[in-house]
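Coordinate analysis (summary)
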Amino acid sequence: MLVKSSVQALPGVEDIKVDTELHKVTISYEPDQTGPRDLIGVIESATYGHVTASIYPEADGREQHRCGEIKRYKLSFLWSLIFTIPVFLTSMVFMYIPGLKDGLEKKVVNMMSIGELLRWILSTPVQFVIGRKFYTGAYRAMCRGSPNMDVLIALGTNTAYFYSVYSVLRAATSENYMATDFFETSSMLISFILLGKYLEILAKGKTSEAIAKLMDLAPETAILLVHDHEGNVAGEKEIDSRLIQKNDVIKVVPGGKVASDGFVTWGQSHVNESMITGESRPAAKRKGDTVIGGTVNENGVLHVRATSVGSESALAQIVRLVESAQMAKPPVQKFADQISRVFVPLVILLSLLTWLAWFFAGRLHSYPNSWIPSSMDSFQLALQFGISVMVIACPCALGLATPTAVMVATGVGASQGVLIKGGQALESAQKVDCIVFDKTGTLTVGKPVVVNTKLLKNLVLREFYDCAAAAEVNSEHPLAKAIVEHARKFHSEENYVWPEAMDFISVTGHGVKAKVSDKSVLVGNKSFMLSSGVDIPIEASEILMEEEEKARTGIIVAMDQEVVGIISVSDPVKPNAHEVISYLKSMNVESIMVTGDNWGTANAIGKEVGIEKIIAEAKPEQKAEKVKELQVS
C-alpha cells in the first residue's frame, strides 16, 4: 500500500497499522525525529491530495461512547419502570383497595387469577428482554470461572420468576391450590439494579467532564513561526495545536494560552500558571524560562520552543493521572471482589441446603401433632425459603457503592483542582495525622488586593489614585494591576480612561516612573525611591514597618520628588481558612505551613489562620523534601 510504505520511509517511524474500514491509521514514532504534521503531509502527498488526513479525535470518541452508554442504561431503566410499576401496584397496592382487589382476584382458569396473569405477562419482558445483559454477564463470568454480581442477580431473579411461573401454572391446573407469586420481586430487583448502574455511569460521566475540562485548557490552535535558513523569522501560520512538533517555535500573544511545554526563546511577560501549578500569582517569564502548555500569557509576546508535545506534555500527564485514578481499584474494592468470588458459590450452596432441609423435613414427617407441614407444602416452603436466601443475598451495594464512590470523589476533586491518585489515596486519608499547606493560593486568595491607604499630604483620595493608576496601568506587575483595579472603584464608568502618562519608565522588581498631568509620579518600593533621589520621611518608614509586620507590601507613591502616600497591598486569607484549620485541630490533625515567602509574612499569615508550625523561605524542591521527611518520621 502506497500510504503505508510512504509513512514507513519517514525517519523515526516505528510501527504503522491501517484500518481500511474505519479509515484510520495508527502510527508509533519517535517524537525527536518526526511528528504529526510531517506524517499528515506525507499521507496527503502520497495520495496526491485526494485524501485529507487529520488527528483522530479521541476525546470525541470517548464522549460519544459515554453518551451512548448513558442513553442505553436510561432507556433500559425507564422501560423496566413501565412494566415494573404495574406489577408492584397489582401485588402490593391494589390488593388493599376493595373494588380493585375483587377484579384482580377474579379467576381466569381454575384458581389462576387475573392479577397473577397480568403480573406474569408484565414481568416477562423485564426478566428476559430488559435484563438480558445480566444473563450475558453471568455467562461470561462463569466461563472465566469467576462468579460475579451478574451471576447472583441472574440466579436470584430467575429463582423468583420461575417459582412464580410454577405456582401460577399449578393454580391454573388445580381447583383448590392458591398460587403465591414473586413476580414483583424479580422485576423490582432488576429495576433497582439498572437504576444503580445508571447512577454509576452518570458518576463516571462527571469524572469524564472533569477530564474534559482539563483537556480544554490546551488551546485549539497555535501560531507557528517559520524560520529561514539563517534562523530568522520568515513568517507565521496558524495550525492545529495537536500538530505541534518538538523544536517548533510557537508565538504566544498577550491573553493567549501557551500551546505546548517548552522554554522562552524571545520576549518577556507574566504567565498565569494557576490551572497547572496551583500558584495563582503570575510568574515572570523571560528568555530561557520554561513554560507549561495550557497556561495563560497575561502580557507581552513570547516565542516558545516546544520541548514536550502530545502525550509527553504536563497537561497530558495530569489527564492520565486522573484517568488511571479512576481505573485503579482501592484496597476495599479489591477486598469486595475477593468476597464476591466466595460469596456467590456460598449463597448458591446455602440456598440448596435450605431447600433440601425443608423438603426432606416434610418427606420424613410422621408425627401427627408435629408443626412440620406435609410433603407438598414442605416442597413449596422450601422453594420460598431458597428464593428468600437467593434474593436477599444479592449484594448490589457491594458491587456498586465502592466504584461509584471512587468515581465521584476523584471526578469532583479534579474539577476543584485536587488530583487524587486513585482509591487507595482516598482510603488512606482516614490515617492522615498531619497536613502541609502552601500559602499562596491555598490559605490565601492568591490575588493581591489593596487593603489600606495612608496619605502623607493633603490630597483628594480619588486624585491620588488617578495619578498612581495612570502610571501603573502600563506596568505588567501583579501589584500594579491591584492598584489599577482598586482605583477603578472611584469611578462609576466601566471603561474609564486614565490621564495620559508620558515618559513612562519601568524598573523590573522596583517600580515605575511617568509624567502624569504635569506631575512627576513615582510608584514603587523604598530602594526605588532612594535611587531616584526621593527622601523617605520618618512617618513613611514607620508605616512601612507596621505594614510588613501585618504581612502586607507597602508601595510608596511620590509626586514631584515628595512622598505623598503609601498603598498597602496584601494577598488576603481565604474566608474559610481559619475554620478549616480549627476543624483539623479538633480532629487531632496537625497543620504545617510551608511557603517561599519571608518569615515576617509567613508568621503573620500563620497567626491569622491558626497555624503554629511554619517553614518559610523554602524553595519548591525543599517543600517536596519536607513532605518526604514528615512521611518518614
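None of these values were measured; they are calculated from a predicted model.

**Remarks on the overall build of the protein chain**
What the protein chain contains, in helices and strands, is 22 helices and 22 strands. Within the protein chain, the fraction of its 633 residues that count as buried is 40%.

**Some remarks on the UniProt feature "transmembrane region" (unreviewed entry) in the protein chain**
Here, UniProt's "transmembrane region" (unreviewed entry) annotation points to residues 75-97, 117-135, 147-166, 186-203, 342-361 and 381-401. A distance of 24 Å separates the end C-alpha atoms of residues 117-135, which is 95% helix and 0% strand. Secondary structure across residues 147-166 divides into 90% helix and 0% strand, with the first and last C-alpha atoms of the span separated by 27 Å.

**A few points about a negative patch on the surface**
Negative charge collects at one region of the surface, where E539, E542, E546, E548 and E549 lie side by side. Tracing the chain through its elements places E546 in helix α19 (residues 538-549).

**Side note on the nonpolar core**
In this structure, I483, V523 and I567 are the most contacted members of the largest nonpolar core, which totals 25 residues. Considering each element in turn, this core owes the most residues, 7 residues, to helix α16 (residues 461-472). If you look at the next biggest cluster of nonpolar residues, it comprises 16 residues, including L443, V573, A577 and L584.

**Some points on a nonpolar patch on the surface**
Where nonpolar side chains cluster on the molecular surface, the patch consists of F88, M92, V93, I97 and L100 and spans about 370 Å² of accessible area. With 3 residues, the top contributor of residues to the nonpolar patch is helix α3 (residues 58-93). Among the structural elements, I97 can be located in the loop between α3 and α4 (98-104).

**Some details on the packing of helix α5 (residues 114-130) against helix α6 (residues 132-144)**
Packing of α5 against α6 brings their axes to within 5 Å, and their N-to-C directions diverge by 40 degrees. Classified by the interaxial angle, the pair formed by α5 and α6 is oblique. Side by side, α5 and α6 meet where Q127, F128, V129 and I130 of the first sit next to R132, K133 and Y135 of the second. Looking at the contact of α5 with α6 residue by residue, the classes come out as 4 nonpolar, 1 polar and 2 charged.

**Details of the sheet that holds strand β6 (residues 233-240)**
Spatially, β6-β5-β7-β13-β8-β11 is the arrangement adopted by the 6 strands of the open sheet, whose pairing is antiparallel. In this open sheet, the two edge strands, each paired with only one partner strand, are β6 and β11 (290-291). Pairing geometry for strand β8 (residues 261-266) and β11, over 2 bridges, is antiparallel. Across the sheet, G262 pairs through a bridge with V291, a residue of β11.

**Comments concerning the packing of aromatic side chains**
Applying the stated criterion across every chain, the model contains 11 aromatic pairs. Taken together, a centroid distance of 6.1 Å and an interplanar angle of 20 degrees make the contact between F128 and Y135 stacked. Judged by relative accessible area, which is 34%, F128 ranks as partly exposed. Their ring planes at 85 degrees and their centres at 5.3 Å tell us that F464 and Y465 sit as a pair that is edge-to-face. Of the two residues, F464 and Y465, both sit in the buried class. By the ring-pair criterion, three or more aromatic residues cluster together here, those being F128, Y135, Y161, F162 and F183. A cation over an aromatic ring shows up here: K133 above the ring of Y73, its NZ or CZ 5.4 Å from the ring centre.

**Side note on the environment of T173**
Here T173 is to be found in the loop between α7 (149-172) and α8 (183-215). The spacing of T173 and M112 is 61 residues in sequence and 8.3 Å in space, taken between C-alpha atoms. At 3.0 Å, the side chain of T173 forms a polar contact with the backbone oxygen of R170.

**Things to note about the pattern of salt bridges**
Oppositely charged side chains are able to pair whenever their charged atoms sit close together. Under the counting rule described, the total for this entry stands at 9 salt bridges. One salt bridge in this structure joins K457 and E562, with 3.6 Å as the shortest N-O distance. Of this pair, K457 sits in the loop between β15 (449-455) and α16 while E562 sits in strand β20 (residues 562-570); the two residues are 105 residues apart in sequence, bridging distant segments of the chain. Residue classification places E562 among the partly exposed residues on the basis of a relative accessible area of 44%. E547 is paired through a salt bridge with R552; the nearest N and O atoms lie 3.3 Å apart. On the basis of relative accessibility, which here comes to 1%, the residue E547 falls in the buried class. A relative accessible area of 25% places R552 in the partly exposed class.

**Description of the sheet that holds strand β12 (residues 296-299)**
Adjacent strands of a sheet form backbone hydrogen bonds with each other and so pair up, either parallel or antiparallel. The strand order β10-β9-β12 describes an open sheet built from 3 strands, whose pairing is antiparallel. Each end of this open sheet is capped by a strand with a single partner; those strands are β10 (283-285) and β12. For this sheet, the mean angle separating the axes of adjacent strands, direction not counted, is 40 degrees. Sheet analysis places strand β9 (residues 269-272) next to β10, joined by 3 bridges and oriented antiparallel. Within β10, the residue paired with V271 across the bridge is A283.

**Digging into unusual backbone geometry**
For N110, which is not glycine, the phi dihedral falls at a positive 50 degrees. For S517, which is not glycine, the phi torsion reads 55 degrees and is therefore positive. Here S517 shows up in the loop between β17 (511-516) and β18 (519-524).

**Points about the packing of α5 against α7**
Packing of α5 against α7 brings their axes to within 11 Å, and their N-to-C directions diverge by 150 degrees. Between α5 and α7, the angle is such that the two are roughly antiparallel. As for the relative orientation of α5 and α7, their crossing is left-handed in sense. Residue-level inspection shows E116, W120, S123, T124, Q127 and F128 of α5 in contact with α7, the latter providing T157, N158, Y161, F162, V165, V168 and L169. Residue classes in the contact of α5 with α7 are distributed as 7 nonpolar, 5 polar and 1 charged.

**A short note on the confidence of the model for the protein chain**
Close inspection of predicted coordinates is inappropriate for parts of the model with low pLDDT. On average, residues of the protein chain score 80 in pLDDT, and 79% of them are at 70 or above. Ranking the elements of the protein chain by mean pLDDT puts helix α12 (residues 375-392) last, at 58, and α5 first, at 94. With pLDDT under 50 throughout, residues 366-376 is counted as low confidence; its partners more than four residues away or in other chains account for 15 contacts.

**Re the environment of A405**
Checked against the element boundaries, A405 lands in helix α13 (residues 396-415). When its relative accessible area of 47% is taken as the criterion, A405 is described as partly exposed. Measuring from C-alpha to C-alpha, the distance between A405 and L426 comes to 9.9 Å, with 21 residues separating the pair along the chain.

Thresholds, definitions, all that
Residues numbered from 1 in each chain as written. Predicted model: local features only at pLDDT ≥ 70, side-chain atom pairs only at ≥ 80, totals over all residues. Heavy atoms only, no water. Helix = DSSP H or I, 4+ residues; strand = E, 2+ residues; numbered from the N terminus. Buried < 20%, exposed > 50% of the residue type's maximum accessible area, 1.4 Å probe, protein only. UniProt positions renumbered as here; feature names shortened; annotations may be inferred. Patch = residues over 30% accessible without salt bridge, like charges linked within 9 Å, V, L, I, M, F, W, Y side chains within 5 Å. Areas by Shrake-Rupley, 256 points an atom, 1.4 Å probe, with all protein chains shown as cover. Salt bridge = Lys/Arg side-chain N within 4 Å of Asp/Glu carboxyl O. Lys, Arg positive; Asp, Glu negative; His and termini not counted. Charge placed at Lys NZ, Arg CZ, Asp CG, Glu CD. Core = buried A, V, L, I, M, F, W, Y, C linked by side-chain atoms within 4.5 Å. Axes fitted to C-alpha atoms, helices over the stretch in contact; angles between N-to-C directions. Parallel < 35°, antiparallel > 145°, perpendicular 65-115°, else oblique. Contact = heavy atoms within 4.5 Å. Nonpolar A, V, L, I, M, F, W, Y, C, P; charged D, E, K, R; others polar. Pairing = 2+ DSSP bridges. Phe/Tyr/Trp six-rings, centres within 6.5 Å; stacked < 30°, edge-to-face > 60°. Lys NZ or Arg CZ within 6 Å of the ring centre and 35° of its normal. Polar contact = N/O pair within 3.5 Å; in protein donor to acceptor, adjacent residues only side chain to side chain. Left-handed = near helix turned anticlockwise from the far one by under 90°. pLDDT = per-residue confidence, 0-100.

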